[in-house]
Amino acid sequence: MTDRELLNAAREASKNAYVPYSKFHVGAALECADGRVFTGCNVENAALGSTICAERTALVKAISEGCRDFARIAVWGEGQDYCYPCGACRQVLVEFAPDMEVLVGRMDGKYVSYRLRELLPGIFNF
Ligand code: THU
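Description of the structure in this document.

Calculation rules
- Residues numbered from 1 in each chain as written.
- Predicted model: local features only at pLDDT ≥ 70, side-chain atom pairs only at ≥ 80, totals over all residues.
- Heavy atoms only, no water.
- Buried < 20%, exposed > 50% of the residue type's maximum accessible area, 1.4 Å probe, protein only.
- Helix = DSSP H or I, 4+ residues; strand = E, 2+ residues; numbered from the N terminus.
- Pairing = 2+ DSSP bridges.
- Right-handed = clockwise from strand over helix to strand, strands pointing away.
- Phe/Tyr/Trp six-rings, centres within 6.5 Å; stacked < 30°, edge-to-face > 60°.
- Lys NZ or Arg CZ within 6 Å of the ring centre and 35° of its normal.
- Contact = heavy atoms within 4.5 Å.

## Some words on the pairing of strand S3 (residues 70–77)
Moving on, step 1. Burial runs high along S3: seven of the eight residues are buried.
Moving on, step 2. Judged from the seven bridges that link them, strand S1 (residues 26–32) and S3 form a sheet pairing that is antiparallel. Note that in S3 the partner of Val 26 across the bridge is Gly 77.
Moving on, step 3. Across five bridges, the pairing between S3 and strand S4 (residues 101–105) is parallel. Of the residues in S4, the one forming a bridge with Val 75 is Val 104.
Moving on, step 4. The parallel pair S3 and S4, bridged by helix H3 (residues 87–94), forms a crossover whose chirality is right-handed.

## Description of the packing of aromatic side chains
Moving on, step 1. With the rule as written, the count across this model stands at three aromatic pairs.
Moving on, step 2. Residues Tyr 84 and Tyr 114 carry aromatic rings whose centres are separated by 5.7 Å and whose planes lie at 55° to one another, so their mutual orientation is tilted. Of this pair, Tyr 84 sits in the loop between S3 and H3 while Tyr 114 sits in strand S5 (residues 111–115), and the two are 30 residues apart along the sequence.
Moving on, step 3. Look at Tyr 84 and you get partly exposed, because its relative accessible area is 32%.
Moving on, step 4. With 6.0 Å between their ring centres and 45° between their planes, Phe 124 and Phe 126 make a pair best called tilted. You'll find Phe 124 and Phe 126 in the same group, each marked exposed.
Moving on, step 5. The side chain of Arg 106 reaches across the aromatic face of Tyr 82, ending 4.6 Å from its centre.

## Let's talk about helix H2 (residues 54–64)
Moving on, step 1. The complete set of buried residues in H2 reads Ala 54, Glu 55, Thr 57, Ala 58, Leu 59 and Ala 62.
Moving on, step 2. Buried residues along H2 sit against S1, strand S2 (37–41), S3 and H3.
Moving on, step 3. Looking one or two places after H2, you find Gly 66, whose phi comes out positive at around 95°.

Structure, rendered in structure tokens:
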């Protein structure tokens, strides 16, 4: 799958976002080493801290289906600017794949790519 296809899958997933509070749709597409792709969207809650980001939705879907080896994740948000994974999502992703590639998209179709390690230096683990 090309970067562009993975970003398109993330954008498609954002359509399912449940965002009555922020109205900000986010989608993620997580590619496993075996080629499987799990998508996710943000799911908000009236208790705002219980909101689940798109990246973590995708990750939990993948883990619960037995996939733990990740190659890339694409994140797409409907803002004018690039939609970077939040700090909590970086920490949760790094648990499994610190060297994975992170594609960060924006509405006009442009994207930038990083290694997760670059986005979260000084990884906490024990
Ligand atoms: N959001 C994500 O889904 N992923 C991120 O990495 C950043 C934030 C969502 C959470 C919330 O539903 C909305 O964006 C506004 O914060």
